[in-house]
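# Examining the three-dimensional arrangement
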Amino acid sequence: MEEKYLSIKTLIYKKLSVINTEMFAFFLLLLLCFQPLYSIIINVSVLYTRVALFYSKAVIIRLIGYLGLIIAAIDLYCKCYCFGHKVALKTFFGNMWTGLLAIVLVLAFISSLFAQDIYVSFNGDAYRYEGLASYFAYAGIFACASILTNESRRRWILKTFVSVSAALALLTLLKELTGTHIILENGGSILPYSGTFVNSNHYGYYLCVSMALAFSLYMDSEKWYYKVLYETIFSVNTLVLLLNGSFGPYLAAIAGMILAVIFYIIRKGIKFSWPAVFPIAVLIILSIFINEGAMLKEVGKTLGEIVNIFSAIGKGISEGDIGDAISDVNGGSNRFQIWVATIKVIMDYPILGCGTDNVHLIITRYGLSSVEMPHNEYLQLMANCGILAGIVYITALVWLLVRSMRNLKKLTPAVLIAGVAAATYALSAFVGVGMTITTCYLFFMLGLTNSYHQDERIKELIKANTGSEIA
């Protein structure tokens, strides 16, 4: 019986081992890079076409994610056959954040079974499509990107991503400045400068990732013409971001740039980091002159709102009634009161939450006059899937960040660049809404960051099995 079992395993391995999983992963990720150009020529003048647009985009991303899961499963099976089941242990526990993300997926599944609306929980609401089906797609994208260990292919992925972002930005500018009806025809139902994302803020989340990538590629390039190319891409994306007025992504992009500069100073020394002054100067100049410096004025306004919020909280603590003290305080385009309502939801559903993508169905019970999303992806996860899921998720992100920073000088350039982009999105998530067409890019960049650590674990197994190291 055991010999028969082994022969079946060998037969399966022989069939699967002919599949170049990394090459398949590479092409799937290229498709994800090009996805934002989908629907560049479309008319969404009525509601049902807009719903259909988001559904079709979500289907494409989910399909890429599911195929990624299959490719990653084949890759894992082949590695387990060659090096034993320790590969699986190394995959999920050697890099602990991977195991933690898997736990979040399990908790989300359990939460969906007890959701306010089970159908919405599994499939997602018609717009965000942030249901359990998308969670598994994110897992596939993360796993697919994690097995991309070839540095040249990683760089091609990053270059393709920023090239597509530049094309979309230029087409968006063409649409808004000329009023052409050939591309991005919206019939007045889509916000200006929102690209193919319909909502300008959602386009902003994509733009801040693109800016982080372009800035980091600029910093990493040694040849002057590549620096000119990436600074141009950075400038075009920055211009569109300032024109569409997405404040949270703007702050996240700045934070990402600062992070990138710090990383490059640590890796190469401060004398190799001086070229950063040129894209920083572009950002400052555009921020001053575009929309009469509206974004800089928003910075001052936000600082004032933060002072008012903390003053109200202090008053509430001294008077013993925080709820009453903050009831009339607001900030961040009504986000503060939305966050207060979301925290109330979390307190009422602390264990399993109200179900993936379900928080908007009940949030009006908590003092809001209209249906709103939390506008904070971490609070959104806690409200939907429970406090434990939120804590485990945040722990996974922080753990990956800390481990990557500890290996900062060892990371390959493409991995470092992807890590900066992932951190930039993670910062924008504090004021963002999780949805399939944007959150997928977080797990895309997280997977590329994880690919270095994944490769290191596999090298350890190869060394343990063969006694020799792999370059």
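See above for the structure.
Residues numbered from 1 in each chain as written. Predicted model: local features only at pLDDT ≥ 70, side-chain atom pairs only at ≥ 80, totals over all residues. Heavy atoms only, no water.

### Overview of the packing of helix 8 (residues 151–178) against helix 10 (residues 224–244)
Heads up, the condition is: Convention adopted: a line fitted to C-alpha atoms gives each axis, helices being fitted over their contacting stretch, and angles between N-to-C directions are expressed from 0 to 180 degrees. Secondary structure is summarised from DSSP: a helix means a run of H or I of at least four residues, a strand means a run of E of at least two, and numbering begins at the N terminus for each. Working rule for angles: under 35 degrees goes down as roughly parallel, over 145 as roughly antiparallel, 65 to 115 as roughly perpendicular, anything else as oblique. Crossings are sorted by hand: turned counterclockwise from the far helix by less than a right angle, the near helix makes the crossing left-handed, and turned clockwise it makes it right-handed. The contact definition used throughout considers only heavy atoms, calling two residues in contact when any of these lie within 4.5 Å.
It is at 9 Å that the axes of helix 8 and helix 10 come closest, and there the two elements cross at 45 degrees. Of the possible angle classes, the one that applies to helix 8 and helix 10 is oblique. Where helix 8 crosses over helix 10, the handedness of that crossing is left-handed. When helix 8 is examined against helix 10, the residues Lys159, Val162, Ser165, Ala166, Ala169, Leu170, Thr172 and Leu173 are found in contact with a partner set consisting of Tyr230, Ile233, Val236, Asn237, Leu239, Val240 and Leu243.

### Things to note about the packing of helix 9 (residues 200–220) against helix 11 (residues 247–268)
Keep this limit in mind: Side-chain classes follow a simple rule in which Ala, Val, Leu, Ile, Met, Phe, Trp, Tyr, Cys and Pro form the nonpolar group, Asp, Glu, Lys and Arg form the charged group, and the remainder, Gly included, forms the polar group.
Interhelical geometry of helix 9 versus helix 11 gives an angle of 20 degrees and a closest axis separation of 9 Å. Taken together, the axes of helix 9 and helix 11 are roughly parallel relative to one another. Note that helix 9 runs across helix 11; the crossing there is right-handed. Residues Asn201, Gly204, Tyr205, Cys208, Met211, Phe215, Ser216, Met219 and Asp220 of helix 9 form the contact with helix 11, whose own contacting residues are Pro249, Ala252, Ala253, Met257, Ala260, Val261, Tyr264 and Lys268. Among the residues making up the contact of helix 9 with helix 11, the classes are represented as 12 nonpolar, 3 polar and 2 charged.

### Quick word on the pattern of salt bridges
Operational definition: Any carboxyl oxygen of Asp or Glu within 4 Å of a side-chain nitrogen of Lys or Arg constitutes a salt bridge here. Relative accessibility under 20% of the residue-type maximum defines a buried residue, over 50% an exposed one, and the middle range a partly exposed one, all with a 1.4 Å probe and only protein chains included.
One pass over the structure, following the stated rule, counts 6 salt bridges. Of the charged contacts, one joins lysine 79 and aspartate 75 as a salt bridge, the two residues approaching to 2.6 Å between their closest N and O atoms. Placement of the pair is lysine 79 and aspartate 75 together in helix 3 (residues 47–83), with a separation of 4 residues, close to one helical turn. Note on aspartate 75: relative accessible area 11%, which makes it buried.

### Quick word on the nonpolar core
Test applied: In plain words, nonpolar cores are sets of buried Ala, Val, Leu, Ile, Met, Phe, Trp, Tyr and Cys residues tied together by side-chain atoms within 4.5 Å.
Counting residues in hydrophobic clusters, the biggest one holds 112 residues, and the most contacted among them are Ile157, Phe161, Leu213, Tyr393, Phe444, Met445 and Leu448. Among the elements that make up this core, the one with the highest residue count is helix 9 (14 residues). Setting aside residues up to four positions removed in sequence, phenylalanine 444 forms contacts with Leu29, Leu32, Cys33, Ile141, Ala145, Ile157 and Phe161. Grouped together as the second largest cluster of nonpolar side chains are 16 residues, Ile338, Ala341, Val359 and Val433 included.

### Thoughts on the packing of aromatic side chains
Stated formally: Think of it this way: a Phe, Tyr or Trp ring, Trp meaning its six-membered ring, pairs with another when their centres are within 6.5 Å, and the plane angle makes it stacked under 30 degrees, edge-to-face over 60, tilted otherwise. Should the NZ of a Lys or the CZ of an Arg lie within 6 Å of a ring centre and within 35 degrees of the ring normal, that charge is described as sitting over the ring.
In total, this model carries 20 aromatic pairs according to the counting rule given. For the pair tryptophan 224 and tyrosine 225, a centre-to-centre distance of 5.7 Å together with 85 degrees between the ring planes defines the contact as edge-to-face. The exposure class of tryptophan 224 is exposed, given its relative accessible area of 63%. According to the relative accessible area criterion, tyrosine 225 is partly exposed, its value standing at 40%. Between tyrosine 225 and tyrosine 226 the ring centres are 5.0 Å apart and the planes differ by 45 degrees, which places this aromatic pair in the tilted class. Lysine 57 extends its terminal NZ or CZ atom over the ring of phenylalanine 197, reaching a point 5.8 Å from the ring centre. Here the basic side chain of lysine 159 rests over the ring of tryptophan 156, its NZ or CZ set 5.8 Å away from the ring centre.

### Looking at the side chain of threonine 436
The cut-off we apply is this: Throughout this description, a polar contact denotes any pair of N or O atoms lying within 3.5 Å of each other; where both atoms belong to protein, one of them has to be capable of donating a hydrogen while the other can accept it, and for residues adjacent in sequence the pair is counted only when both atoms sit in side chains.
In this fold, threonine 436 is placed in helix 20 (residues 436–466). A polar contact of 2.6 Å, which involves the side chain of threonine 436, links it to the side chain of serine 134. Leaving out residues up to four positions away in the same chain, threonine 436 has contacts with Ala58, Ile61, Arg128, Tyr129, Glu130, Ser134 and Tyr138.

### Quick word on unusual backbone geometry
Positioned with a positive phi, tyrosine 193 is a non-glycine residue whose angle comes to about 55 degrees. With respect to the helices, strands and loops of the structure, tyrosine 193 is situated in the loop between helix 8 and helix 9. A relative accessible area of 12% places tyrosine 193 in the buried class.

### Section: a nonpolar patch on the surface
In plain terms, the rule: Patches here: salt-bridge-free residues with over 30% relative accessible area, like charges joined within 9 Å, nonpolar side chains (Val, Leu, Ile, Met, Phe, Trp, Tyr) joined within 5 Å. Note on areas: Shrake-Rupley, 1.4 Å probe, and residue coverage restricted to the protein chains presented here.
A surface patch of nonpolar side chains, amounting to about 560 Å² of accessible area, comprises Ile280, Ile284, Ile285, Ile288, Phe289 and Leu296. Considering each element in turn, the nonpolar patch owes the most residues, 5 residues, to helix 12 (residues 277–289). With respect to the helices and strands, isoleucine 284 occurs in helix 12.

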